Amino acid sequence: GDSVTQMEGPVTLSEEAFLTINCTYTATGYPSLFWYVQYPGEGLQLLLKATKADDKGSNKGFEATYRKETTSFHLEKGSVQVSDSAVYFCALSASNTGNQFYFGTGTSLTVIP
Amino acid sequence: GAGVSQTPSNKVTEKGKYVELRCDPISGHTALYWYRQSLGQGPEFLIYFQGTGAADDSGLPNDRFFAVRPEGSVSTLKIQRTERGDSAVYLCASSLGQGPYNEQFFGPGTRLTVL
């Protein structure tokens, strides 16, 4: 079945460090891929998405490229800030699986000044 | 505009009791989803509504769980004979339409604790 495997945390970085959070997926169809973020005390928010192979999603300095050949959607940011501290979830959605999202287990990021 | 709202924000109940969790989606969103998030895990799909009907309930763990959306807007997730293992955060999401391209907007969740 469809699934997402996400890099385990927690991850602790210093401010302005480079961030990569790995995400790989298994899907029988042609999924759309998403990164959601959950800030402390808040609900899940969409960070970025890509709907087909080689698309790059970007938002707030974060980027992720939909790589069909490696079934990956790694999240990157060149210079993290303290305000980026949150839990990040990779997710996929495929029309042949009823439109529900399949989420990874989440990666907790803490950025220290 | 208003986002997805869920009530109550916290619910503590005793084992064996019945609970109802409410979700109010974004106005005009036809698709509504329920997920369950256990500690340290990502959300797990429970059920999906398109309009008033449950289009996919394959994620409901057993027949103690039931959800309705009688007028195609507000939805209620009902859990009978609660068990300690039902303790989790229950998330509701809505989207403008169906299909994998549509962003799902999530509510803040209801934290259910079964004692």
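In this text, all values refer to a predicted model and were calculated from it rather than measured experimentally.

Draft legend 1. Quick look at the interface of chain B and chain A. Listed as interface residues are 22 residues of chain B and, on the opposing side, 21 residues of chain A. A buried area of about 1600 Å², summed over both sides, lies between chain B and chain A, and 56% of it is on carbon and sulfur atoms. At the surface where chain B touches chain A, the tally comes to zero salt bridges. Our count for the chain B to chain A interface comes out at two residue pairs in polar contact (both at pLDDT 80 or more). Where the side of chain B that touches chain A is concerned, the elements lending two or more residues are β4 (31-37) and β5 (44-50) of chain B. Of all the elements, β4(B) adds the most residues to the side of chain B that touches chain A, at three residues. Of the residues in the side of chain B that touches chain A, the class split is 10 nonpolar, 10 polar and two charged.

Draft legend 2. Region of interest: the sheet that holds strand β8 (residues 62-65) of chain A. Residue and element names in this part refer to chain A. Taken together, the four strands give an open sheet; going across it, the order is β3-β9-β8-β7, and neighbouring strands pair in antiparallel fashion. Either end of the sheet is taken by a strand with one partner, and the two such strands are β3 (19-21) and β7 (56-59). Along the sheet, successive strands turn relative to each other by an average axial angle of 15 degrees, direction set aside.

Draft legend 3. The layout of surface pockets, seen in detail. The computed volume of the largest pocket comes to approximately 410 Å³. What lines the largest pocket is a set of 24 residues, and nearest its centre among them are Q37(B), S38(B), L39(B), V89(B) and R111(B). Those elements that provide at least two residues to the lining of the largest pocket are β10 (86-93) and β12 (107-112) of chain A together with β9 (88-95) and β11 (110-114) of chain B. Examining the composition of the lining of the largest pocket, we find that four residues originate from one element, β11(B), more than from any other. Classifying every residue of the lining of the largest pocket by side-chain character gives eight nonpolar, 14 polar and two charged. Lining the second largest pocket are 15 residues; nearest its centre among them are Y102(A), F103(A), P43(B), E44(B) and F45(B). Mapped onto the lining of the second largest pocket, the elements with two or more residues apiece are β1 (3-6) and β11 (101-103) of chain A together with β5 of chain B. With three residues, the top contributor of residues to the lining of the second largest pocket is β11(A). Broken down by class, the residue content of the lining of the second largest pocket amounts to six nonpolar, eight polar and one charged.

Thresholds applied
Residues numbered from 1 in each chain as written. Chains lettered and ligands numbered in written order. Predicted model: local features only at pLDDT ≥ 70, side-chain atom pairs only at ≥ 80, totals over all residues. Heavy atoms only, no water. Contact = heavy atoms within 4.5 Å. Buried area = accessible area lost by both parts, 1.4 Å probe. Salt bridge = Lys/Arg side-chain N within 4 Å of Asp/Glu carboxyl O. Polar contact = N/O pair within 3.5 Å; in protein donor to acceptor, adjacent residues only side chain to side chain. Helix = DSSP H or I, 4+ residues; strand = E, 2+ residues; numbered from the N terminus. Nonpolar A, V, L, I, M, F, W, Y, C, P; charged D, E, K, R; others polar. Pairing = 2+ DSSP bridges. Axes fitted to C-alpha atoms, helices over the stretch in contact; angles between N-to-C directions. 1 Å grid on protein atoms, 1.4 Å probe; cavity = no way out; pocket = protein on both sides within 12 Å on 5 of 7 lines; lining within 4 Å. Points joined across faces, edges and corners; volume = space filled by probe spheres on them.

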